[in-house]
Amino acid sequence: MRAIVLRPNTADPAYANAPLEEVPKPELVGDRDVLVRLGAAALNHRDVWIRHGAYPTPGHGSILAADGAGIVEDVKHAEDEGLIGNQVLINCSINWDSAPEGPEIPEKYGLLGYAPLPGTLAEYIAIDRKYIHAIPEHLSVLEGAAIPLASLTAWRALFSRGEAKAGDRVLITGIGGGVALFALQFAVAAGIEVYVTSSSDAKIAKAVELGAKGGVNYREATWPVALKELLKKNRPDSKPEIDTIVDGAASGVDAMISTLRLGGRVVNYGVTSSRTDPSSAKAPSYAQIFFRQADWRGTTMGSAREFRDCLAFIEKHKLKPIIADVFQGLENAEKAFEKMKNGSQFGKLVVQIAPSQ
Ligand SMILES: NC(=O)c1ccc[n+]([C@@H]2O[C@H](COP(=O)([O-])OP(=O)(O)OC[C@H]3O[C@@H](n4cnc5c(N)ncnc54)[C@H](OP(=O)(O)O)[C@@H]3O)[C@@H](O)[C@H]2O)c1
């Protein structure tokens, strides 16, 4: 089969190659493995970080990408034959069942798209049946592929770790991002008042169309003041403060904390700014944290239980992932990587692998 494989780049060691190669079709090894013919895969920023060598081992030879959806074509166990022909999406968060604090055995935890685990920028993937889920009925295979990693990260950040609930005011930073957009959609559907930050006024306007109450441009140093003005305007009768911040950039942390209510929380799932602009990723001043009685929480993807809850919520509210662009065929995957690298997208970048799905 054909797949996008991580390979060293002698011309530029700081950014590995990702050529399209012919590789062996995966075999059904595990007792409950199923073979999925992938119809589409989606990128996450992690895939770019992997090419930049941000993961502990070089991983060369890995099939890239964690997100995918397709059709079950074969199964190992006779009891699973009923799955053949089903349209499914794949939970890429491997070996985390239900523990709220984190994977049960951290050393066994992993994500698809990095060796020794398989990836989704390929024609086929073999995976234990417990990781496949029916694509919600209102969604296509393309849309299903855009869901797993970013939606699960957003779900855990907003609800499990952020404990956000209807009526709260939540600030989501860097709204152009895949995780941030799912957090926005979930929060709006849950009756939460959402504010966003972005480098782009056009992206803020799109977020407002999706239900955000407003947003500010984080490139302006005075953005916390502008945010407070918005909060005052929308709720003149209460203090202009945020209950929970959902952040994947870790940039301007003191400014973020200045917008929190006393005892509010920051839920952080990423450090985009320290990778792209190290000078912007200063550590928070401890005084800011303790005077605000702030609760600083780290979060990552999530458990199988959280993924099921997240999918049920998507189904119930008929949410559709925001797709920025679809690239036709594995031969165009590099264009998706380029777009992810320059950050111009608003939503997920999807590679259609099998046009018939
Ligand atoms: N811990 C985990 O399990 C986990 C899971 C998923 C993602 N992550 C991490 O979370 C981050 C986002 O992932 P993603 O896939 O959603 O990435 P993405 O789609 O590429 O989005 C990145 C977004 O970051 C925003 N951004 C960049 N610099 C910023 C800054 N200085 N302040 C605020 N926002 C800034 C940009 O928003 P605008 O375009 O609006 O300016 C950009 O769209 C990545 O670092 C990723 O590695 C971690």
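Definitions and limits used
- Residues numbered from 1 in each chain as written.
- Predicted model: local features only at pLDDT ≥ 70, side-chain atom pairs only at ≥ 80, totals over all residues.
- Heavy atoms only, no water.
- Pairing = 2+ DSSP bridges.
- Helix = DSSP H or I, 4+ residues; strand = E, 2+ residues; numbered from the N terminus.
- Right-handed = clockwise from strand over helix to strand, strands pointing away.
- Axes fitted to C-alpha atoms, helices over the stretch in contact; angles between N-to-C directions.
- Contact = heavy atoms within 4.5 Å.
- Domains from an automatic or database assignment.
- Buried area = accessible area lost by both parts, 1.4 Å probe.
- Polar contact = N/O pair within 3.5 Å; in protein donor to acceptor, adjacent residues only side chain to side chain.
- Buried < 20%, exposed > 50% of the residue type's maximum accessible area, 1.4 Å probe, protein only.

Engineer: So what exactly am I meant to see when it comes to the pairing of strand β16 (residues 323–328) here?
Structural biologist: Within a regular beta strand, the side chains point alternately toward one face of the sheet and then the other, so they alternate between its two faces. For β16 and strand β17 (residues 348–352), the ladder comprises five bridges, and the chain directions are parallel. Of the residues in β17, the one forming a bridge with Phe327 is Val351. Chirality of the crossover, the property in question, places the unit of β16, helix α11 (residues 333–342) and β17 among those that are right-handed.

Engineer: Can you walk me through the sheet that holds strand β13 (residues 242–247) in this structure?
Structural biologist: Within a beta sheet, neighbouring strands are joined by backbone hydrogen bonds and run either parallel or antiparallel to one another. Strand order across the open sheet formed by six strands is β12-β11-β10-β13-β14-β15, with parallel pairing between neighbours. On the outer flanks of this sheet lie β12 (214–217) and β15 (295–298), each paired with one strand and no other. Neighbour to neighbour, the strand axes of the sheet diverge by 20 degrees on average, direction disregarded. Contacts from helix α3 (residues 148–161) reach β10 (169–172), β13, β14 (260–268) and β15, with the element oriented near 150 degrees to β14. Sheet strands in contact with helix α6 (residues 223–234) are β10, β11 (193–198), β12 and β13, and its direction is about 165 degrees off that of β12.

Engineer: Quick question: what am I supposed to make of the domain arrangement of the protein here?
Structural biologist: Where interface size is quoted, it is often the accessible area lost as the parts come together. Assigned domains within the protein: domain 1 (2–149 + 302–352) and domain 2 (163–298). Taking the mean C-alpha position of each, domain 1 and domain 2 sit 28 Å from one another. With 18 residues of domain 1 at the interface, the matching set in domain 2 holds 16 residues. Buried area between domain 1 and domain 2, summed over both chains or domains, comes out near 1400 Å², and the portion from carbon and sulfur atoms is 75%. In terms of surface lost to domain 2, no three residues of domain 1 exceed Trp49, Ile322 and Phe346, which account for 44% of the buried area on that side. Remark: the boundary between domain 1 and domain 2 carries four residue pairs in polar contact (both at pLDDT 80 or more). The element that contributes the greatest number of residues to the side of domain 1 that touches domain 2 is helix α10 (residues 304–316), accounting for three residues.

Engineer: When you look at the pairing of β17 in this model, what are you seeing that I'm missing?
Structural biologist: Judged by how many residues are buried, β17 sits mostly within the fold: five of five residues are covered. Looking at chain direction, strand β3 (residues 33–42) and β17 are connected through three bridges and run antiparallel. Residue pairing for β17: Ala41 is matched across the bridge by Val351.

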